[in-house]
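# Observations on the three-dimensional arrangement
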Amino acid sequence: MSKKNKTLKDILDFILYENPSTQDEIAERLGISRRYVTQLIQPLIKDGTVKRAYMIDLKSYEEIAESLGEYIRPHDVSGNVLINDMLANMEKHVHSQLEASFDAILEYDEEKAKRALEMDYATNNMVEKIRTSVETIVSINQHSEFSKSVLYNEVAYDLERIGDYCGHIAKFVINDIYEVNESILKKLKKMYKTAQKMLRLSMLAFLEGRTDLKDDIMELEESIHILQSKAINLIATQMAENSFDEKERSNYFIYLFRVIKAFERIGDISVEIRDVAIEFHDNIPRPTTPRSFRE
């Protein structure tokens, strides 16, 4: 493979797996000039292989990769493997988003909170790339199971929702002027660690077919609800000790409730991902009754 073709293949792989937003980002990561990046991918942008905001048509990607040489097409690479990789990258990003949001609370750092909020742009971009890729796979692979293919979109959407709740956590620092009381902060730390673990296990269930983790996830869900109740009781006690004539103090409690609710919802969404994993791998349909009405 020529050096030029290898560089082009590296660019395409970076776009496919790393979700860059600009040509500058591609150039910096690969250690080449932005002008060279433009030169190589401009023809592919014109013919629709590479789309704006840097998404790749998967069918065109395979054709180009094969023409460049040194490309072995696994039996199922055009579908599940590529989307799994994209979802795995999105999961890592959302984990980082959650960590950055909570670090902003721990350090009461408004700049960190703002950076955490900015990470949501990449999260939204990843959802769109997965949706477009799933549509492409369904359109070019007549043997794909449509009902299963769209489940990828559901998981991507669930990860996006978790990203939104990360934003609720980060906004606490931006919207409020009080740091969190230490006794409540201890509960939040436990909720944060539990939510992180639930997200990790639920994505293992989907990406690797580890549906045997379903009971572990449910135990963690019960834990996060217990922690939520304890945190709310602590807040109620503090509210009783403060005057609601103080508008700022009232806002503090409102925003704090939102943080607690965000962790609870992240846990609930993780359970939803687990349910999707069971449907995807074990062919067991998800319950139609809303979770709040189940025993």
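Because the structure is predicted, anything quoted here is derived from the model rather than measured. (Residues numbered from 1 in each chain as written. Predicted model: local features only at pLDDT ≥ 70, side-chain atom pairs only at ≥ 80, totals over all residues. Heavy atoms only, no water.)

### Some remarks on the nonpolar core
Heads up, the rule is: Here the nonpolar core consists of buried residues drawn from Ala, Val, Leu, Ile, Met, Phe, Trp, Tyr and Cys, with membership extended through side-chain atoms lying within 4.5 Å. Think of it in three bands: with a 1.4 Å probe and only protein chains considered, a residue is buried below 20% of the maximum accessible area for its type, exposed above 50%, and partly exposed in between. What counts as a helix is a DSSP run of H or I of at least four residues, what counts as a strand is a run of E of at least two, and both are numbered from the N terminus.
In terms of nonpolar packing, the biggest core is built from 58 residues, with Leu 87, Leu 188 and Phe 263 touching the most fellow members. For this core, the leading source of residues is helix H10 (residues 247–282), giving 14 residues.

### Here's the deal with the packing of aromatic side chains
Two aromatic rings, taken as a pair, are described by how far apart their centres are and by the angle between their planes. To keep things clear, this is the line we draw: To pair, rings of Phe, Tyr and Trp, with the six-membered ring standing in for Trp, must have centres within 6.5 Å; the planes then decide the type, stacked if under 30 degrees apart, edge-to-face if over 60, and tilted in the middle.
Under the definition given, this model contains nine aromatic pairs. Centroid distance Tyr 152 to Phe 206: 5.7 Å. Interplanar angle 90°. Geometry classified as edge-to-face. Separated by 54 residues along the polypeptide, Tyr 152 in helix H7 (residues 146–175) and Phe 206 in helix H8 (residues 182–207) bring together distant segments of the chain. On the basis of relative accessible area, Tyr 152 is assigned to the buried category, the value being 4%. Phe 206 gets classed as buried once you look at its relative accessible area, which sits at 1%. The structure contains a cluster of three or more aromatic residues connected by ring pairs, namely Phe 172, Tyr 178, Tyr 252 and Phe 253.

### Regarding the pattern of salt bridges
Just so we agree on the cut-off: Salt bridges, as used here, are contacts in which a Lys or Arg side-chain nitrogen is within 4 Å of a carboxyl oxygen on Asp or Glu.
All chains considered together, the criterion is met by 13 salt bridges. The partner of Glu 111 in a salt bridge is Lys 114, and the shortest N-O contact between them spans 4.0 Å. In this pair, Glu 111 and Lys 114 are both assigned in helix H6 (residues 110–140), three residues apart and thus about one turn of the helix distant. Exposure remark for Glu 111: the relative accessible area of 45% places this residue in the partly exposed category. Put simply, Arg 161 and Asp 158 hold a salt bridge, and the shortest N to O gap is 2.7 Å. Of this pair, Arg 161 and Asp 158 are both found in helix H7, three residues apart, which corresponds to roughly one turn of the helix. Within the structure, one salt-bridge network assembled from shared partners comprises Glu 110, Glu 111 and Lys 114.

### Comments concerning the packing of H8 against helix H9 (residues 214–240)
Applied cut-off: Axis definition: a line fitted to C-alpha atoms, limited for helices to the stretch in contact. Angles are taken between N-to-C directions and run from 0 to 180 degrees. These descriptions rest on fixed angle ranges, namely under 35 degrees for roughly parallel, over 145 for roughly antiparallel, 65 to 115 for roughly perpendicular, and the rest for oblique. Crossings are classed by handedness, with left-handed meaning an anticlockwise turn of the near helix from the far one by less than a right angle and right-handed meaning a clockwise turn. What makes two residues a contact is simply this: any of their non-hydrogen atoms within 4.5 Å.
Where H8 meets H9, the closest approach of the two axes is 9 Å, and the angle between their N-to-C directions is 160°. As the angle between them shows, H8 and H9 are arranged roughly antiparallel. The way H8 lies across H9 gives a crossing that is left-handed. Of the residues in H9, those in contact with Ser 183, Ile 184, Lys 187, Lys 190, Met 191, Thr 194, Ala 195, Lys 197, Met 198, Leu 201 and Ser 202 of H8 are Asp 216, Ile 217, Leu 220, Glu 221, Ile 224, Leu 227, Gln 228, Lys 230, Ala 231, Leu 234, Ile 235 and Gln 238.

### Points about a positive patch on the surface
Counted only if it meets this: Excluding any residue in a salt bridge, patches collect residues exceeding 30% relative accessible area, merging like charges within 9 Å and nonpolar Val, Leu, Ile, Met, Phe, Trp and Tyr side chains within 5 Å. All accessibility values rest on the Shrake-Rupley procedure with a 1.4 Å probe; residue burial counts only the protein chains present in the view. Charged-residue counts in this description rest on Lys and Arg as positive and Asp and Glu as negative, His and the chain ends being excluded. Just so you know, the charge point we use is NZ for Lys, CZ for Arg, CG for Asp and CD for Glu.
A contiguous patch of positive charge on the surface is contributed by Lys 186, Lys 189, Lys 190, Lys 193 and Lys 230. By residue number, the principal contributor to the positive patch is H8, which donates four residues. Positionally, Lys 190 belongs in helix H8. Lys 190 sits in the partly exposed class, given a relative accessible area of 48%.

### Regarding helix H2 (residues 23–30)
In an α-helix there are 3.6 residues to a turn, and that puts residues three or four apart on one side. Filter applied, for reference: This arc is built from the directions going out from the helix axis to the C-beta atoms.
Buried residues of H2: Gln 23, Ile 26 and Ala 27, and no others. Viewed end-on, H2 has its buried residues packed into an arc of 95°, placing them on one side of the element. Set apart from the buried face of H2 by more than 90 degrees, the exposed residues are Glu 28 and Arg 29. Looking one or two places after H2, you find Gly 31, whose phi comes out positive at around 70°.

### Focus on unusual backbone geometry
Its identity is not glycine, yet Tyr 108 carries a phi of approximately 45°, on the positive side. If you trace the backbone, Tyr 108 turns up in the loop between helix H5 (77–107) and H6. The phi dihedral of Asn 283 falls on the positive side, at around 60°, and the residue is not glycine. With respect to the secondary-structure elements, Asn 283 resides in the segment after H10.

### What to know about the side chain of Asp 268
To keep it simple, the criterion reads: Any pair of N or O atoms that falls within 3.5 Å is considered a polar contact. Within protein, one atom must be able to donate a hydrogen and the other to accept it, and sequence-neighbouring residues count only if both atoms are side-chain atoms.
Position of Asp 268 relative to the elements: it lies in helix H10. On the basis of relative accessible area, Asp 268 is assigned to the buried category, the value being 8%. Polar side-chain contacts of Asp 268 include one of 3.2 Å to the side chain of Arg 265.

### Digging into the packing of H2 against helix H3 (residues 34–46)
The line we're drawing: Nonpolar residues are Ala, Val, Leu, Ile, Met, Phe, Trp, Tyr, Cys and Pro. Charged residues are Asp, Glu, Lys and Arg, and all others, Gly as well, are polar.
Closest axis-to-axis distance for the H2/H3 pair is 9 Å, and the angle between their directions is 120°. If you check the angle between H2 and H3, you find them oblique. Our pair here, H2 against H3, has a crossing hand that is right-handed. Between H2, through Gln 23, Asp 24, Ile 26 and Ala 27, and H3, the contact on the second element is made entirely by Arg 34, Val 37, Thr 38, Ile 41 and Ile 45. Of the residues belonging to the contact of H2 with H3, the class tally is five nonpolar, two polar and two charged.

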